[in-house]
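Chains, contacts and geometry: an overview
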Amino acid sequence: SVVAAPEWYTPCGQLRVHPTLVAVVEEEVCPGTGFSPAYFWHCLEMVVAELRPEVERCLRRRDVLQGHIDAFYERSRAAGTDPAKPEMRPQCQSFLREIGYLEEDRGPVSVATQFVDPEIALIPAPQLVVPSDNARYVLNAVNSRWGSLFDALYGFDVVPSTAVQSGGTGGAGFDLDTSKAAPAPAGGYNPVRGEAVIEFANGLLDEIAPLATGSWAQVTRLWPKFVGSVMQLELLLDNDSATSLKTPSLFVGSIGSLGPPNAQGPTAAAGKSGTCLPDKGRIFLKHNNLHLILEIDREDPIGATSLSGIKDITVESALTAILDMEDSVAAVDAEDKSKVYRNICGVYRGSLQAPYVKDGKSLVRRLASDIWLRDEKGDAKMLPGRVVSLVRNVGHHMFTDMVLTADGRMVPEGFVDCLVTVAAALQDLRGTSELVNSRMGSVYIVKPKMHGPQEVALTAKLFGRAEEFFGLRRNTVKMGIMDEERRTSANLRECIRAASERVFFINTGFLDRTGDEIHTCMLAGPVVRKADMKQQSWIKAYEDANVDIGLFSGFQGKAQIGKGMWAKPDSMKAMLETKIAEPMAGASTAWVPSPSAAALHSIHYHRVDVPTRQMQLAMRPPARQERLLEPPLMQARPDAEAVQHELRENAQSILGYVVRWIDMGVGCSKVPDLSNVGLMEDRATLRISSQLMANWLHHGLVSEDDVRSVFAEMARVVDQQNARDKGYRPMASNLDGNIAFQASLKLVLDGKRVPNGYTEFTLHEARRKAKTVLSARL
């Protein structure tokens, strides 16, 4: 669309740029890179002129293909044919091939990506996704490589709802007497619950680092001891016998004052002998390529209650984090996007800070330092203190008026994202940043919402231009492919081929993928309820095919295969019980909502040897494409009560998320559902709910009056759920004039017509309107 550039926009070559963005490029992006702001804008101008026509062609092709699919389903239904019947599958597949939706399969592909950091290529571990507009959240995510296991256990429902196995013979079991793990009393530490945490940890150590004799619950002291030229871990048990690790190589280093003891027995070990110093130090173990640090301090209140003196176990948790510019942020203009860009620059420079107040004191949160130790040979060694940061740019469908061309046209927002990300990373690549992100000299950009191989090839071309502009080695900029759109899933091998020298990551994004599934088959018939979606044939085929194609394309040892988010941030017991299914399914990483969740999810990567599991899965027959293309249509219409329940659930979910997005600019929220269970919501979950309601509206399961009525009812519910939030503005008192309420309604009523069912366009328009109203009040 054409926009008249305001007079106060800054001329930058032939571009007109918002002054706030100009300031960010001048103050944050370009300094220290060797490139001037004028050169940056010249590069953007060149890439827009060259590649914007290709972006527009790709977007038109999306609409054309969807038009063909809509017409096919309309013809089928008019002829009395049910698209959901098995006999229709060959006809549907043939049609999709005929219109070019399904690409020609050109056979096996082998990825050739080089210079990938081991945290991505070699070590299976959790992955965080964090909104990049909040510096404090970004710092927490980047520092989440190391997490306290004791804090994660104590602070959530894992210990109160699970039990420590009696006898201490291994495994952090799930059948303990819950009376031992009563909730903490108000205002202080609960030593009974603390005991349960220690017992759980001992059971976990018995499982992944068993002793030659005895168990970790019997350990009274532990210290490094030279055996020949190599140190091994020596342990003293409560019966005064010495033991060692069953697998001595699990010990990889130590630091601090840790023996050897000059007296025998638990009393001396506890530091009660006249000449014995209390133990204080760190023991480093390594299992499945992930480290655990046994924090020993007998003078600490927790360490004093532990027979071994272990006050905590610091676990290597998330090894990578996606700094998100897309679904989890509400960045609608230059002001919002500038916050995002400043934070990204701060991470790459190693200088990001966030002030905060704790116990009345002003403090500053910073990026964590690296960790030093003496390895098993006695040599000094360093372990990275932070995750490897990946940056998710926006999709090709997003255009921005932060930058306008000479003829008043908005530029693709992803182009600006890409150039800012790569320019910001230059100091990291050159080794001039305060802290290192990529030790292999790569930049990792995750690109979302690409539809098919042509759009992947377009992204590869964009990344190549960025490398040329900034004088980087070819394929320095690596590509993460979000397998979250149906056409990408159906042509995933060809998508990988289009980026075979760049791809470092594929993952299944169930939420967005379901939204696109519903929109693609919008006219085929009414889809199943949201809760039933994961039981549909297409979802299993989708999850399996992603792993199969990744493994057959040589991802093992070169790139990540990822799985989606755990959506219940307070339900850590359930996560610990169920999320092990993802590494068992062949995923080398999976998304978690918090650093504590990452610490707990890391346990799964100790319990599952992912490379071995991947080799087992590589022997199975690949998932069948026709299953992947099976639309999730309901076989029998639900009764009126079930329809009403589904409407209420989805309307409440939409309103609960949208009102915070529009009124507060919060892109990722923990939104209570109808049962007041907090669920992580972002635009992907919104896309499912709005598309499902739009589908049912189109097929007559509900009327527009039903939709309006249930939204009005749920507005009152959401108002009550947010009543304690001082910044919240109620909706129910003025439904017609409330911007957030009207935007929520529009997402459903216009859901059939909006391109690909995306919610961004409606949300951005409404948020900008709300910001204008708010600024007028000030």
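Residues numbered from 1 in each chain as written. Predicted model: local features only at pLDDT ≥ 70, side-chain atom pairs only at ≥ 80, totals over all residues. Heavy atoms only, no water.

1. Observations regarding the overall build of the chain
The cut-off we apply is this: Helix and strand labels come from DSSP, where a helix needs a run of H or I of at least four residues and a strand needs a run of E of at least two; each type is numbered from the N terminus. The reference for a compact globule is 2.2 Å times residues^0.38; the radius of gyration itself is calculated from the C-alpha atoms. Think of it in three bands: with a 1.4 Å probe and only protein chains considered, a residue is buried below 20% of the maximum accessible area for its type, exposed above 50%, and partly exposed in between. By the convention used here, residues are in contact when the closest approach between their heavy atoms is within 4.5 Å. A 1.4 Å probe and the Shrake-Rupley method give the accessible areas. Residues count as covered only by the protein chains that appear here. For this count, His and the chain ends are skipped, Lys and Arg are scored as positive, and Asp and Glu as negative. We put the charge of a Lys on NZ, of an Arg on CZ, of an Asp on CG and of a Glu on CD.
Within the chain, the regular secondary structure consists of 27 helices and 26 strands. Taken over C-alpha atoms, the radius of gyration comes to 28 Å for the chain, in line with the 28 Å a tight globule of 778 residues would show. A principal-axis box enclosing the C-alpha atoms of the chain has dimensions of 85 × 65 × 60 Å. When burial is assessed residue by residue, the chain has 58% of its 778 residues classed as buried. Expressed as a percentage of contacts within the chain between residues at least 6 apart in sequence, the contacts between residues at least 24 apart total 74%. When the accessible surface of the chain is summed, it comes to about 30100 Å², and 51% of that surface belongs to carbon and sulfur atoms. In the chain, which carries 87 positive and 94 negative side-chain charges, the distance between the mean positions of the two groups comes to 2 Å.

2. Some details on the pattern of salt bridges
For clarity, the cut-off: Whenever Lys or Arg places a side-chain nitrogen within 4 Å of a carboxyl oxygen from Asp or Glu, that contact is recorded as a salt bridge.
In this structure the tally under the stated criterion is 58 salt bridges. With a shortest N-O distance of 3.9 Å, Glu-484 and Lys-449 are connected by a salt bridge. Of this pair, Glu-484 sits in the loop between β21 (477-483) and α14 (486-490) while Lys-449 sits in the loop between β20 (443-447) and α13 (453-469), placing them 35 residues apart in sequence. Taken together, the shared-partner salt bridges connect Asp-324, Glu-326, Asp-327, Arg-392, Lys-449, Glu-484, Glu-485, Asp-512, Asp-516, Arg-683, Arg-687 and Glu-760 into one network.

3. Concerning the pairing of strand β25 (residues 669-672)
Within a regular strand, the side chains alternate between the two sheet faces. Just so we agree on the cut-off: Only when DSSP finds a minimum of two bridges between them are two strands counted as paired.
Burial along β25 is one-sided: the residues Ser-669 and Val-671 are buried and none of Lys-670 and Pro-672 is. Looking at chain direction, β25 and strand β26 (residues 678-681) are connected through four bridges and run antiparallel. By the bridge assignment for β26, Lys-670 is matched with Met-680. Counted between consecutive antiparallel strands, the loop separating β25 from β26 contains five residues, among which Asn-676 sits at a positive phi close to 65°.

4. A few points about the packing of helix α26 (residues 739-749) against helix α27 (residues 760-777)
Rules: For helices, the fitted line uses only the C-alpha atoms of the stretch in contact; every axis is such a line through C-alpha atoms, and the angle between N-to-C directions lies from 0 to 180 degrees. Any angle that is under 35 degrees is reported as roughly parallel, and any over 145 degrees as roughly antiparallel; angles of 65 to 115 degrees are reported as roughly perpendicular and all others as oblique. When residues are sorted by character, Ala, Val, Leu, Ile, Met, Phe, Trp, Tyr, Cys and Pro go into the nonpolar class, Asp, Glu, Lys and Arg into the charged class, and all the rest, Gly among them, into the polar class.
Their axes nearest at 10 Å, the elements α26 and α27 cross at an angle of 170°. With respect to α27, the axis of α26 lies roughly antiparallel. Mapping the contact onto sequence places Ile-739, Ala-743, Lys-746 and Leu-747 in α26 and Thr-762, Glu-765, Ala-766, Lys-769, Ala-770 and Val-773 in α27. Across the contact of α26 with α27, the residue classes break down as six nonpolar, one polar and three charged.

5. Examining the nonpolar core
Generally speaking, a soluble globular protein has its nonpolar side chains buried in company with each other. Spelled out, the test is: Note on terminology: a nonpolar core comprises buried Ala, Val, Leu, Ile, Met, Phe, Trp, Tyr and Cys residues joined through side-chain atoms within 4.5 Å.
Counting residues in each nonpolar core, the largest one holds 135 residues, and the members touching the most others are Phe-40, Trp-41, Leu-44, Trp-216, Ile-313 and Val-403. Those residues in contact with Trp-216 that sit more than four places away from it in its chain are Asn-202, Leu-205, Asp-206, Ala-209, Leu-211, Leu-222, Leu-233, Leu-235, Leu-245, Leu-294 and Ile-310. Among the nonpolar cores identified, the runner-up in size contains 69 residues, and Leu-96, Leu-647, Leu-655 and Leu-747 belong to it.

6. Thoughts on the layout of surface pockets
Operational definition: Residues are called lining when one of their atoms sits within 4 Å of a cavity or pocket point, these points coming from a 1 Å grid over the protein atoms alone, where a cavity is a set in which a 1.4 Å probe fits but cannot get out and a pocket is an open set with protein on both sides within 12 Å along at least five of seven lines. Grid points are joined across faces, edges and corners, and a volume is the space filled by probe spheres set on the points.
Taken as a whole, the second largest pocket spans an internal volume of roughly 550 Å³. Among the secondary structure elements, those contributing two or more residues to the lining of the second largest pocket are α2 (37-78), β18 (399-404) and α27. Looking at the lining of the second largest pocket residue by residue, the class counts come to nine nonpolar, five polar and 12 charged.

7. Details of the sheet that holds strand β5 (residues 219-227)
Reading across the sheet, the three strands line up as β5-β6-β7 and stay open at both edges, with antiparallel pairing between neighbours. Of all strands in the sheet, those with a lone pairing partner are β5 and β7 (242-244), marking the two edges. The average undirected angle you get between the axes of adjacent strands in this sheet is 35°. Bridge analysis of β5 against strand β6 (residues 230-237) gives eight bridges, and the strand direction is antiparallel. Its bridge partner being in β6, Leu-222 is matched across the sheet by Leu-235.

8. A look at empty space enclosed by the protein
If you walk through the whole model with that rule in mind, you get four cavities of 30 Å³ or more. Of the pockets and cavities examined, the largest cavity occupies roughly 150 Å³. In this structure, the largest cavity is lined by 14 residues; those nearest its centre are Tyr-73, Cys-92, Gln-93, Leu-96 and Leu-629. Those elements giving two or more residues to the lining of the largest cavity turn out to be α2 and α3 (89-98). A per-element tally of the lining of the largest cavity places α3 first, with five residues.

9. Topic: the side chain of Asp-375
On the secondary structure map, Asp-375 appears in strand β15 (residues 371-375). This buried residue, Asp-375, is left without a salt bridge; Lys-381 holds the nearest opposite charge, at 5.7 Å. Not counting chain neighbours up to four residues away, the residues in contact with Asp-375 comprise Met-231, Val-252, Gly-253 and Lys-381.

10. Here we look at the side chain of Ser-317
By the element assignment, Ser-317 lies in the loop between β11 (310-316) and β12 (320-324). Sequence-distant contacts of Ser-317, defined by excluding residues within four places in its chain, comprise Ala-125, Pro-126, Ser-144, Arg-145, Trp-146, Gly-147, Ala-598, Ala-599 and Ser-602.

11. With respect to the packing of aromatic side chains
Two numbers describe a pair of aromatic rings. These are the distance of the centres and the angle of the planes. Just so we agree on the cut-off: Classification of ring pairs rests on two measures: the distance between centres of Phe, Tyr or Trp rings, Trp counted by its six-membered ring, which must be within 6.5 Å, and the angle between planes, read as stacked under 30 degrees, edge-to-face over 60 and tilted in between. For a Lys NZ or an Arg CZ to count as sitting over a ring, it must be within 6 Å of the ring centre and within 35 degrees of the ring normal.
Taken as a whole and assessed by the stated rule, the structure comprises 11 aromatic pairs. A centroid spacing of 5.8 Å and a plane angle of 35° characterise the contact between Phe-504 and Phe-505, whose relative ring orientation is tilted. Of the two residues, Phe-504 and Phe-505, neither departs from the other in class, the shared state being buried. Taken together, the aromatic side chains of Phe-35, Tyr-39 and Phe-470 make up a single cluster linked through ring pairs. The residue whose ring lies beneath Arg-193 is Tyr-154, and the NZ or CZ to ring-centre distance is 4.7 Å. In this structure, Arg-473 is placed above the aromatic ring of Phe-115, and the distance from its NZ or CZ to the ring centre is 4.1 Å.

12. Brief notes about the sheet that holds strand β8 (residues 251-257)
The strands that make up a sheet pair up through hydrogen bonds in the backbone, lying either parallel or antiparallel. Across the sheet, which stays open at both edges, the seven strands sit in the order β4-β11-β10-β9-β8-β15-β16 with antiparallel pairing between neighbours. Looking at the sheet topology across the chains shown, the edges are occupied by β4 (146-148) and β16 (380-383). Each neighbouring strand pair of the sheet contributes to a mean axis angle of 30°, computed without reference to strand direction. Bridging between β8 and β15 involves two bridges; their strand directions are antiparallel. Among the inter-strand pairings, Gly-253 is bridged to a residue of β15, identified as Asp-375.

13. Brief notes about unusual backbone geometry
Backbone geometry at Asn-289 places phi at a positive 70°, although glycine is not the residue there. Following the sequence through the fold, Asn-289 ends up in the loop between β9 (280-287) and β10 (290-297).

14. Digging into the packing of α2 against α3
To keep it simple, the criterion reads: Handedness of each helix crossing follows the sense of rotation of the near helix against the far helix: counterclockwise by less than a right angle gives left-handed, clockwise gives right-handed.
Look at α2 against α3: their axes get within 11 Å of each other, and the N-to-C directions meet at 150°. When the interaxial angle is binned, α2 and α3 end up roughly antiparallel. At the point where α2 passes α3, the crossing takes the right-handed sense. On α3, the residues touching His-68, Ile-69, Phe-72 and Arg-75 of α2 are Gln-91, Cys-92, Phe-95 and Leu-96. Taken together, the residues of the contact of α2 with α3 break down into five nonpolar, two polar and one charged.

15. Let's talk about the environment of Pro-730
Turning to its location among the elements, Pro-730 is positioned in the loop between α25 (704-721) and α26. In contact with Pro-730, not counting residues within four places along its chain, are Asp-719 and Asn-738.

16. Looking at the environment of Gln-454
We count it as follows: Distance and chemistry together define a polar contact, namely a pair of N or O atoms within 3.5 Å, with one atom able to donate a hydrogen and the other to accept it when in protein, and with adjacent residues in sequence counting only for side-chain atoms on both sides.
Here Gln-454 lies in helix α13. Gln-454 sits 199 residues away from Ile-255 along the chain, and the two C-alpha atoms are 53 Å apart. The contact partners of Gln-454, leaving out residues within four places of it in the chain, are Glu-103 and Arg-487. Looking at Gln-454, its side chain comes within polar contact range of the side chain of Glu-103, at 3.1 Å.

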